[in-house]
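# Structural overview
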Amino acid sequence: GHIHLSVKDSRAASQFYQKVLGLEDKFSIPSASWIAAGKYHHHLAVNEWAGKGLGPREQGLPGLSYYVLEVESKEELLAIVKQAQEVEAPIKWLHSSELNLIDPDGIVSRIRLARWERDVIYFRDIEKGGQARILFLECELVRFLWNDKG
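A brief report on the enclosed structure follows. Predicted model, so just to flag it, every value in this text is computed and none were measured.

In this section: the sheet that holds strand E1 (residues 3-6). As summarised here, the arrangement of the 4 strands in space is E1-E4-E3-E2, forming an open sheet in which the pairing is mixed. Among the strands making up the open sheet, the edge pair consists of E1 and strand E2 (24-29). Here the strands of the sheet are splayed against their neighbours by 20° on average, with no regard to which way each runs. The pairing of E2 with strand E3 (residues 32-36) spans 5 bridges and is classified as antiparallel.

Dropping the structure here:
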């Protein structure tokens, strides 16, 4: 499993996620990039298929509201914060172990310390000496409610 994100510039978005989250480019074409931690084929894909120059994601619209990335240690969480600050990416702390990171396209990555007792699907990169990054398939979809009564 993985998540595809619609962005205005796939190269810039790929570089952002590589710099801030430490992911690696696995495969790129002019309109898309597939990135991941470790040897996995891809955890995230960024693409321009909704149109080059797409405007920033507006919160509250139908679609993906955020996805969750869980990290194993506070040090890893703080390293992501440091990298985000270096590229001037907005961060909103939700509490001491969880934050929202907003990318240049307005896409929210919720990053938090791992909660091992939860029964969810996850992917681990165990190639880096146990420093696993875990990408959960947890996300919040904003529902569009259709009222056909006018």
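Moving on, there is more to tell.
Where burial is concerned, most of strand E7 (residues 98-102) is hidden: 4 out of the 5 residues are buried. Here 4 bridges tie strand E6 (residues 91-95) to E7, and the two strands are oriented antiparallel to one another. When the sheet's bridge partners are listed, His-95 is paired in E7 with Glu-98. Joining the antiparallel neighbours E6 and E7 is a turn of 2 residues. Relative to strand E8 (residues 108-113), E7 runs antiparallel, the two being bridged by 5 bridges. By the bridge assignment for E8, Leu-101 is matched with Ser-109. Hairpin connection between E7 and E8: a loop of 5 residues separates the two successive antiparallel strands, and Gly-106 in this loop has a positive phi of roughly 80°.

This brings us to the packing of helix H1 (residues 10-21) against helix H2 (residues 74-86). With their axes 8 Å apart at the nearest point, H1 and H2 run at an angle of 135° to one another. When the interaxial angle is binned, H1 and H2 end up oblique. Between H1 and H2, the residues in contact are Lys-19, Val-20 and Leu-21 and Ile-80, Gln-83, Ala-84 and Glu-86, respectively. Considered class by class, the residues forming the contact of H1 with H2 number 4 nonpolar, 1 polar and 2 charged.

Turning to the pattern of salt bridges, a few remarks are in order. Side chains carrying opposite charge are able to pair once their charged atoms draw close together. For the coordinates displayed, the defined rule picks out 4 salt bridges. A salt bridge links Lys-26 to Glu-24, with the shortest nitrogen-to-oxygen separation between them at 3.5 Å. For Lys-26, a relative accessible area of 32% gives the class partly exposed. For Glu-24, a relative accessible area of 34% translates into the label partly exposed. Across the pair Glu-98 and Arg-112 runs a salt bridge whose closest N-O atoms are separated by 3.4 Å. Here the residue Glu-98 occupies a position in strand E7, and Arg-112 occupies one in strand E8, the gap between them amounting to 14 residues. Using a relative accessible area of 7% as the deciding quantity, one classes Glu-98 as buried. Of the residues examined, Arg-112 reaches a relative accessible area of 4% and is grouped as buried.

The rules we used
Residues numbered from 1 in each chain as written. Predicted model: local features only at pLDDT ≥ 70, side-chain atom pairs only at ≥ 80, totals over all residues. Heavy atoms only, no water. Pairing = 2+ DSSP bridges. Helix = DSSP H or I, 4+ residues; strand = E, 2+ residues; numbered from the N terminus. Axes fitted to C-alpha atoms, helices over the stretch in contact; angles between N-to-C directions. Buried < 20%, exposed > 50% of the residue type's maximum accessible area, 1.4 Å probe, protein only. Parallel < 35°, antiparallel > 145°, perpendicular 65-115°, else oblique. Contact = heavy atoms within 4.5 Å. Nonpolar A, V, L, I, M, F, W, Y, C, P; charged D, E, K, R; others polar. Salt bridge = Lys/Arg side-chain N within 4 Å of Asp/Glu carboxyl O.

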